[in-house]
Amino acid sequence: MPPTRPQRAGLRRPRGSLRGAAHVRLRLGFLVIAMVLSVFAGRLVQLQGIDPNSYAAMAAAEGMVQVALKAERGDILDRNGKPLADSVDGEMVVADPYMTSDDAPELAKFLSSRLDIDYFATLKKLRETDSRFEYLARRVPSTVATDVVNAAEEAGFEGIATRPDPIRDYPAADVAANLVGFMGTDEALGGLERTFDAQLAGKDGSARYEVGGGNRIPLGESTIERAVDGRDLRTTIDLDLQWYTQRVLAQTVQDSRAESGFAVVMDTRTGEILAEADDPTFDANHPLESPDEDRGARSMSGVYEPGSVEKVLTLSALIDAGKVTPRTRLEVPGELDREDRPIHDWFPHGLIHLTLAGVIAKSSNIGTVLAADKFDSGELRSYLTRFGLGQRTDIGVRGETKGILPGPSQWTHQVQDRIAFGQSLSVNAVQMAAAVNTIANGGVRVSPSLIQGSAITDDGTVVGSDHTTTRRVVSEKAARDTAHMMERVVDPDVGVAPAAAVPGYRVAGKTGTAQRVGEECGCYDGTFTVSFAGFAPADDPRFTVYVVVQNPGNGGGGGSVAGPAFSKIMSYALRRYAVPPTGTHPSRLPVEW
Amino acid sequence: MSSPAVQFRSRMPRIAEAAVERARLTVVPRRRVRAARVPFVSLVSLVLLGGVIGLLLFNTSMQQASFAATSLESQASTLSAREQTLRMELDVLRNPQHVAEQARKMGMVTAGSPAFLSLADGKVLGDATPPDPAQNVRILPPAPPMPAVLNPAPTFVDAPDQGLGNGHGHGHGASSASRGHGSGRNNTASHENHQNHKHQNNQPHLPQHR
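Residues numbered from 1 in each chain as written. Chains lettered and ligands numbered in written order. Predicted model: local features only at pLDDT ≥ 70, side-chain atom pairs only at ≥ 80, totals over all residues.

Engineer: Help me get a handle on the overall build of chain A, residues and values and all.
Structural biologist: Within chain A one finds 20 helices and 24 strands. The C-alpha atoms of chain A give 39 Å as radius of gyration, which overshoots the globular expectation for 593 residues (25 Å, by more than 25%). Along the first, second and third principal axes, the C-alpha set of chain A runs to 165 × 50 × 45 Å. For chain A, the residues scored as buried account for 48% of the 593 residues in total. Across chain A, the fraction of contacts at a sequence separation of at least 24, relative to all contacts at a separation of at least 6, is 73%. (Helix = DSSP H or I, 4+ residues; strand = E, 2+ residues; numbered from the N terminus. Rg over C-alpha atoms; globule rule 2.2 N^0.38 Å. Buried ≥ 20, exposed ≤ 12 C-beta atoms within 10 Å, placed from the backbone. Contact = placed C-beta atoms within 7 Å.)

Listed below in structure tokens is the structure:
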């Protein structure tokens, strides 16, 4: 048998070598199938056994879109609803340097000519290695950004795209910038923007849904968390009046070669601040172009000694206490020797006979000190506290100073002498305006407000016109008498500030020229703060205007520097709010005897 | 129910007995009726088909709506962006500074004091004064000072001596000239010194090289 087998095999070999036996083929086939199936089985174990969730998540993420829904930041409005700051849909233009580096010069040229960006900086970003994401321009109005990116795509450029990026716009640029503040790239950096950020910012939302071919798949998975837009903040500022006040103030500061200045316009009856100007100021759209110290509100953060404007408070308190009347006769010597140093008037004189009205009209320090001698101990301090000095006004402006009103332990007789005419105490502009406004408002102090309604600052203080408080400081008669005396200040014959008069109207006012405390030495450094505070119409006041100019380089005083600015601002305010003259005769109180 | 029939039968027992006999009801054998299958099957398949086609149509229309929604959404966002950009431009145009500048260009001036006419009694309050253009409030910031490069200090040159003709004028010229020239001469002098210094530094090297 063995010899025959090779023969058979030899006969069958051609067929067997080609196709093999049926069972061999079957086995081979099974083997292949088993191998393939075991690969599948292995893969199945890998997919389902080892980490099924991550694959499920990957599958879900495919075609899933996550979109951030930006909350719109609330506007900051003036009292008439005109925007001081508003939010506009914007886009950022971003690039993928991996795709843009090849034709970077052409693309950079294209973009820098259409967007307001620098060619070289753009070129560098477009060529950045190891980066897939570069910001080219931020806060571009979305119509512009979309147009540019579409045009770039049409021109054959690749790799630039847009993302939502809301713009904060300050349409009035520098108007009220010192109050409103400004935004950094992603956060509020100053002013009302920062103080009321919680209210303005709102809350971003997000949406997640499935898309196919760029369209949302109906009945597909989708979750939407709606964005909560920020709430508007309405201020009491009158945009036009604020603008005018700022321009008048800027002109005053420039013409007198002064260091800085501020002005406050207040509604006498409601205490609402219609304008609060600071100079130098800055453009809120380009805050970094101005020095840091110009970006805050000097009117609130800078303390200064009010000078003779304070005499108004002293003398009204004296009248209220029943110690004097506007006709009280005073013998005013040329120099008054007091405990530590002699007191002088701003003008040289011998012995003159002034009435109390004359003391105000001529702004006599000595006369004021002589009158203030009639106060009981502690009386003046209690009056000044009730006028609101030494306490924050809490109108919602950051960094407000309390001012300095010496405590009872430091309140010596010499200190009282100097405080009586406005030195040795410090105030901020709104504090002082509110104090003078007390006289205008018939002796009732209305707390000033800058925010309409109610709002909560970032330190939790509740502010706004809803929380206005009033308190009587001096009697109505004392306030009226003081107003009559103040009318003599702008009288062309007897007063020191005829330039502050408003033609056709009865104006009550008071000049102030105070020695200024220098920052380096902490002493009077020979520079002055000049100011003018007043209200009109004197017999039915509607507005209180307070103008302060720091360190005028032309040697002017309160009447000649701040007076004309007061006149212009007051005249504009009266005109703008259509306040007719009262048509009565101005005060004729005697100033001398 | 049966009692009236029994009464009826007993009252006239013999009349038309045969008819009664014939009319006697018998139970009909139950007959199985097969409802026609075709209508039912076609109804079911019609419902099925209708359902499928309806679902398909519904789905398609939803897709259509989704396309429409997407395109309308993008249109809405484009329009709202456009509106906001326009509003932004409008705010810039309404900015008091811009309005004031335009008004000044048209020759308008800051108003003087107004008079008020009381309609109740016809009285005129206040005295209207014509505005004084000199009292215009400055609305533009002053031009920044020119940088020194573009605004060099004037240079003075010594006037040639013109004899005794105008001694007075000459004296003035000379004094200012000497001041201006003095600084200039100092500058050139220092420059020359500097150059000399260089030369002196270089000179010692030269012989060595030779």
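Now that the structure has been shown, we can carry on.
Engineer: Summarise unusual backbone geometry; cite the residues concerned and give the values.
Structural biologist: All names here are of chain A. With an omega dihedral of 0°, the bond running from Asp-279 to Pro-280 counts as a cis peptide bond. With respect to the element layout, Pro-280 can be found in the loop between β13 (273-279) and α12 (298-301). Here the bond from Ala-536 into Pro-537 is cis, since omega is -15°, no more than 30 degrees from zero. With respect to the secondary-structure elements, Pro-537 resides in the loop between β23 (524-536) and β24 (543-550). Even without a glycine there, the phi angle at Ala-578 is positive, about 50°. Considering the arrangement of structural elements, one finds Ala-578 in the segment after α20 (558-576).

Engineer: Summarise the UniProt feature "transmembrane region" (unreviewed entry) in chain B; cite the residues concerned and give the values.
Structural biologist: If you check UniProt for "transmembrane region" (unreviewed entry), the listed places come out as residues 40-58 of chain B in our numbering. Between the end C-alpha atoms of residues 40-58 of chain B the distance is 26 Å, and the span holds 100% helix and 0% strand. (UniProt positions renumbered as here; feature names shortened; annotations may be inferred.)

Engineer: If you had to explain the interface of chain B and chain A to someone new, which residues and values would you point to?
Structural biologist: Listed as interface residues are 29 residues of chain B and, on the opposing side, 32 residues of chain A. Sorting elements by how many residues they give to the side of chain B that touches chain A places helix α3 (residues 37-94) of chain B first, with 13 residues. Residues that form the side of chain B that touches chain A fall into these classes: 14 nonpolar, eleven polar and four charged. (Nonpolar A, V, L, I, M, F, W, Y, C, P; charged D, E, K, R; others polar.)

Engineer: Hey, could you go over the confidence of the model for chain B for me, with residue numbers and the actual values?
Structural biologist: All names here are of chain B. In the predicted model, chain B carries a mean pLDDT of 73, and 70% of its residues have values of at least 70. Low pLDDT, under 50, characterises residues 165-210; the predicted model gives this stretch twelve contacts beyond four residues in sequence or across chains. Predicted as a complex, the structure gets a pTM of 0.77 and an ipTM equal to 0.77. (pLDDT = per-residue confidence, 0-100.)

Engineer: Describe in detail the sheet that holds strand β11 (residues 233-234) of chain A, supporting the description with residues and values.
Structural biologist: In a beta sheet, neighbouring strands pair by backbone hydrogen bonds and run either parallel or antiparallel. Residue and element names in this part refer to chain A. The mixed open sheet is built from four strands, whose spatial order is β7-β3-β2-β11. At either end of the open sheet lies a strand with only one pairing partner, and these are β7 (167-169) and β11. Alignment of strand β2 (residues 76-77) against strand β3 (residues 83-88), held across two bridges, turns out to be antiparallel. By the bridge assignment, Ile-76 is partnered in β3 with Ala-85. (Pairing = 2+ DSSP bridges.)

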